[in-house]
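# Coordinate inspection notes
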Amino acid sequence: MGEKSEVIRQLRAEIMALERFPAPRMRPTPGLDMGGIESSMLGDAFPIGTVHEFISQGAAGAASTNGFIAGLLGKLMQKGRFCLWVSHQRTVFPPALKGFGVEPDRVIFIDVRRQKDVLWAVEQGLKCSVLGAVVGELQEITFAESQRLQLAVEKSRVTGFMHRYQPRVESALAFATRWKIKPIPSQLEGGMPGVGFPRYKVELVKVRNGRPGVCQLEWRNGSFCPVPMQKDFNGRERQQHYA
Amino acid sequence: MHKRFLSIWFCHLTTDRMAIKRPEIKDKPFVMASPEKGRMLVKASNVVATSAGVFPGMVVADARAILPSLEVFSHNSLLEGRLLNALALWCLRYTPTAAPDLPDGLILDISGCAHLWGGEQPYLDNIVATLQSKGYGVRAAIADTVGAAWALARYGQGRMIAERGGQREILLSFPPASLRLDQGILRRMEKLGFRQIGQFIDMPQPVLRRRFGEALLLRMGQALGLEHEHIEAVRPVRPYLERLPCMEPILTLTGIEIALKRLLKKLCDRMAKEGKGLRAGIFKGHRVDGEIVQIDIGTGRASHHPEHLFKLFQLNISSIDPGLGIELFVLEAPLVEEVNGVQNALWDSESFDNTAISELLDNIRGKMGMNTVHCYLPQEHHWPERSIKEVSFLEGKADVKWPKGTGRPLHLLSEPEPIEVMVPLPDYPPRHFRYRGKIFRISKADGPERIEQEWWLQTGPPRDYYCVEDEEGVRYWLFRLRLYGHGDPEWFLHGLFA
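Residues numbered from 1 in each chain as written. Chains lettered and ligands numbered in written order. Predicted model: local features only at pLDDT ≥ 70, side-chain atom pairs only at ≥ 80, totals over all residues.

## Comments concerning the overall build of chain A
Assigned secondary structure in chain A consists of four helices and nine strands. Going from the N terminus to the C terminus, chain A shows its helices and strands as α-β-α-β-β-α-β-α-β-β-β-β-β. A burial count over chain A gives 44% of its 243 residues as buried. Across chain A, contacts joining residues at least 24 apart in sequence account for 67% of those joining residues at least 6 apart. (Helix = DSSP H or I, 4+ residues; strand = E, 2+ residues; numbered from the N terminus. Buried ≥ 20, exposed ≤ 12 C-beta atoms within 10 Å, placed from the backbone. Contact = placed C-beta atoms within 7 Å.)

Below you can see the structure in the form of structure tokens.
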């Protein structure tokens, strides 16, 4: 029985390699624990060295999405790596990144004048293997353009985050995942007054070689944790549901 | 190095220019004249008029008496300077040091240049032939000193190239005027019967000084090479400059790229040897029609990496218009710095190879403008707008640490936007607020955090910041401007927390 599962594991690894999803990248990434949602992705790890797509609606959604990206960046920019943040109309306030574990002076902001220049700058950044990550804020991207970015990271192993703000269509793209992040009300322990740790409803809409899912995460003490189980009114534990 | 100078004399500079502009008057006699002391004075006359006996300095009325068909054009006194400057720029394709020599000549420092054209005679012939084909009547001569070349160009007969150290023999038979002397000295010499330089060149210096002053000795010394003569080059020579003259004018993009690559290789090899790197570069093409086309680049930090610099130039290379062809390429580095200077030493212990990032940023700057790349360092100010300062990439390290905690919103509005609020009690956070016509009901709030104006920078009321969360979980950063009891406070939305 054990032999059989070993064979299946090897076959899977081979298939992944053929699908340009090489095995070494799928090791569980230390420090990138996402409070449970990574179990819905292949290899039980958040894939790095690929491009992730985030879709947000409204100013609040955009802020939460950027916060979530910043939380991931903090893990990727270990060992003094730099990150490129490309945007057309930037709203990010650098000192706040510190709260997500990112050294703000290690983020290089590229403010381009035209929206279509974002893609060019992102592609240049993704080709530069010294960078820890590249964030791009843009609205529209076509399948061909997404393929170009994906090809760039396959060579350089840089992780890309494409934050699409209010896109007109959510068409299929060549990226590894598609996320939607929304804020949800926070809660302090014991019903204390005041604002608690930020909480997000993280929706993994699409993932290559994995199962999409939804979960609620809280940014606490420098990492994402699952929202603690709370007693419902009828005494049952509220179920976290993964699809 | 042994110095060699070339002097070009434009015999009829302004009239030739006129004839080039208006070919129909080329064979007619005409003069350029300007009013002086209430009469029109001839300032320049063309070849036809000169051969008929009309010379500069004549009154136009007299000249008309000699040549009734004479045409008269007005003379612009600034024209010569402008023309000579343009011609000196054109001559840069023959030598890096060219200087206008008012009123009617050019001086080129051709030390070490002539062999590129196969010797001094072909070099001289090439310049003279090219200028004559443009329509200028010129005489040019080469000698060891500026003075001797000048004299030979204007008074020389036969061979126009003086041997090395041969200026003395040449000058002997020339008139004193060939020493570039004042009219006063020349008149005195005329009176004393000095018709040739040979008559007084061997006289004792004190004798000459007493009669003609220091100027004569200086001019003689300069012509003989005993005194140094400085020429004011039209383009100061940059220490880091490479030139590539082309046999045939270059028209194609590939050709330009090859030229650029060769120049970059030469320049980078030299800079690498000296431990220097380029911070700013200019790539110029001298076109056949006399125009100069150029593109320039800047780098974030000194680099002598030819491929990287080539990439930066390549972004703009298509803006070069070769016209009828480019015959000389020049690559200049006006700004050069030490490579691996202070910046690396200042930077952290984990010595990351930041060169790749610098090159990436140079690429982005080159394509999208210098103002696209922003890096920030903290400043010790509580006022949010002043809490960061912009720096260039890797420019020093923060002398203060980034403030900890999540007290600042991830999204900050560029300008605080006014909102309407409902506050139950003074100093309480609002119950709900209206922003752009929409009502947000607040369920949780933290604050206030009072931030006072920094009186040494700016005066005004303080801000009381609240972090509030609405029923959907969206967090806002609001502030109240002005204290209660000092007029009506105003409320603003300043940011969104992630």
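## Concerning the pairing of strand β1 (residues 51-56) of chain A
All names here are of chain A. In terms of residue burial, β1 counts as a mostly covered element, since five of its six residues are buried. Both β1 and strand β5 (residues 159-165) contribute to a ladder of six bridges, which runs parallel. Within β5, the residue paired with Ser 56 across the bridge is Tyr 165. In terms of strand pairing, β1 meets strand β6 (residues 177-184) through four bridges, oriented parallel. Bridge pairing in β6 links Phe 54 to Trp 179. (Pairing = 2+ DSSP bridges.)

## Quick notes on the interface of chain B and chain A
Counting residues at the interface gives 47 residues for chain B, matched by 42 residues for chain A. Those elements that place two or more of their residues in the side of chain B that touches chain A are α14 (355-368), β12 (373-378), β14 (411-422), β16 (438-451), β17 (463-470) and β19 (490-496) of chain B. A per-class count over the side of chain B that touches chain A returns 26 nonpolar, ten polar and eleven charged. In this structure, strand β3 (residues 107-111) of chain A lies alongside β12 of chain B, joined through two bridges in antiparallel fashion. Its bridge partner lying in β12 of chain B, Phe 109 of chain A is registered against His 374 of chain B. (Nonpolar A, V, L, I, M, F, W, Y, C, P; charged D, E, K, R; others polar.)

## What about the packing of helix α12 (residues 306-314) of chain B against α14 of chain B?
Residues and elements named next belong to chain B. Running from N to C, α12 and α14 point in directions that differ by 15°, and their axes come no closer than 9 Å. Taken together, the axes of α12 and α14 are roughly parallel relative to one another. Considering how the two elements wind past one another, α12 and α14 form a crossing that is right-handed. Here His 308, Lys 311 and Leu 312 of α12 come into contact with α14, specifically with Glu 359, Asp 362, Asn 363 and Gly 366. The class makeup of the residues in the contact of α12 with α14 is one nonpolar, three polar and three charged. (Axes fitted to C-alpha atoms, helices over the stretch in contact; angles between N-to-C directions. Parallel < 35°, antiparallel > 145°, perpendicular 65-115°, else oblique. Left-handed = near helix turned anticlockwise from the far one by under 90°.)

## Here's the deal with the sheet that holds strand β13 (residues 388-391) of chain B
Note: strands within a sheet are paired through backbone hydrogen bonds, in either parallel or antiparallel orientation. If you trace the eleven strands from one edge of the open sheet to the other, you get β9(A)-β8(A)-β7(A)-β6(A)-β1(A)-β5(A)-β4(A)-β2(A)-β3(A)-β12(B)-β13(B), paired in mixed fashion. The two strands at the open ends of the sheet, each matched to only one other strand, are β9 (223-226) of chain A together with β13 of chain B. The average undirected angle you get between the axes of adjacent strands in this sheet is 30°. Running over the sheet, helix α2 (residues 58-76) of chain A touches β1, β2 (83-87), β4 (133-138), β5, β6, β7 (199-207), β8 (213-220) and β9 of chain A and is turned about 115° from β6 of chain A.

## A word on α14 of chain B
Its 14 residues give α14 of chain B an end-to-end C-alpha distance of 20 Å, which sits within 8% of 20 Å, the value for a rise of 1.5 Å per residue. Judged by how many residues are buried, α14 of chain B sits mostly within the fold: ten of 14 residues are covered. The inward-facing, buried residues of α14 of chain B abut β3 and α3 (117-126) of chain A together with β10 (292-303), α12 and β12 of chain B. Once α14 of chain B finishes, Gly 369 of chain B follows within two positions and takes phi at roughly 105°, a positive value. (Expected span 1.5 Å × (residues − 1).)

## Examining the sheet that holds β10 of chain B
All names here are of chain B. Strand order in this open sheet of four strands is β8-β11-β9-β10, and the pairing throughout is antiparallel. Of all strands in the sheet, those bounded by a partner on one side alone are β8 (241-250) and β10. On average, each strand axis in the sheet is tilted by 15° relative to the strand beside it, whichever way the strands run. Direction of pairing for β8 relative to strand β11 (residues 326-338): antiparallel, over a ladder of six bridges. When the bridges of β11 are listed, Leu 244 appears paired with Phe 329. Sheet contacts for helix α11 (residues 253-274): β8, β9 (276-287) and β11; angle to β8, the most-contacted strand, approximately 160°.

## A few points about unusual backbone geometry
Unusually for a residue other than glycine, Asn 221 of chain A sits at a positive phi of about 50°. Along the chain, Asn 221 of chain A turns up in the loop between β8 and β9. Not every positive phi belongs to a glycine, and Arg 436 of chain B is a case in point at roughly 50°. Assignment of secondary structure puts Arg 436 of chain B in the loop between β15 (432-435) and β16. Assessed through the 7 C-beta atoms surrounding it within 10 Å, Arg 436 of chain B is described here as exposed.

## Structural notes on the nonpolar core
Cys 83, Trp 85, Val 86, Ile 108, Ile 110, Ala 133 and Val 134 of chain A are the most contacted members of the largest nonpolar core, which totals 92 residues. When residues in this core are grouped by element, the largest group, nine residues, is from α2 of chain A. Setting aside residues up to four positions removed in sequence, Cys 83 of chain A forms contacts with Leu 73, Met 77, Arg 106, Val 107, Leu 131, Gly 132, Ala 133, Val 134 and Val 135 of chain A. Core analysis: the next-biggest nonpolar cluster, separate from the first, contains 49 residues, Ala 99, Ala 140, Ala 162 and Leu 216 of chain B among them. (Core = buried A, V, L, I, M, F, W, Y, C linked by C-beta atoms within 7 Å.)

## Let's talk about helix α10 (residues 214-224) of chain B
Residue and element names in this part refer to chain B. Residues of α10 that are buried include every one of Leu 216, Arg 219, Met 220 and Ala 223, and no others. Axial view of α10: buried residues confined to an arc of 100°, hence all on one face. Where α10 is buried, its residues meet α6 (146-155), α7 (167-172), α8 (183-192) and α9 (205-212). With its phi angle positive at about 90°, Gly 225 sits one or two positions after the end of α10. (Arc of directions from axis to C-beta.)

## Concerning the confidence of the model for chain B
Residue and element names in this part refer to chain B. Here chain B averages 84 in pLDDT, while 95% of its residues score no lower than 70. Within the model, the stretch residues 341-351 combines pLDDT values under 50 with nine contacts to residues more than four positions away or in other chains. What the predictor reports for the complex is a pTM of 0.63 with an ipTM of 0.82. (pLDDT = per-residue confidence, 0-100.)

## As for the environment of Gly 447 of chain B
Residue and element names in this part refer to chain B. Examined against the element boundaries, Gly 447 turns out to sit in strand β16. Residue Gly 447 is classed as partly exposed on the basis of its C-beta count, with 19 C-beta atoms lying within 10 Å. Along the chain, Gly 447 and Val 468 lie 21 residues apart, while their C-alpha atoms are 8.5 Å from each other. What Gly 447 contacts, discounting residues up to four positions off in sequence, is Pro 429, Tyr 465, Tyr 466 and Cys 467.

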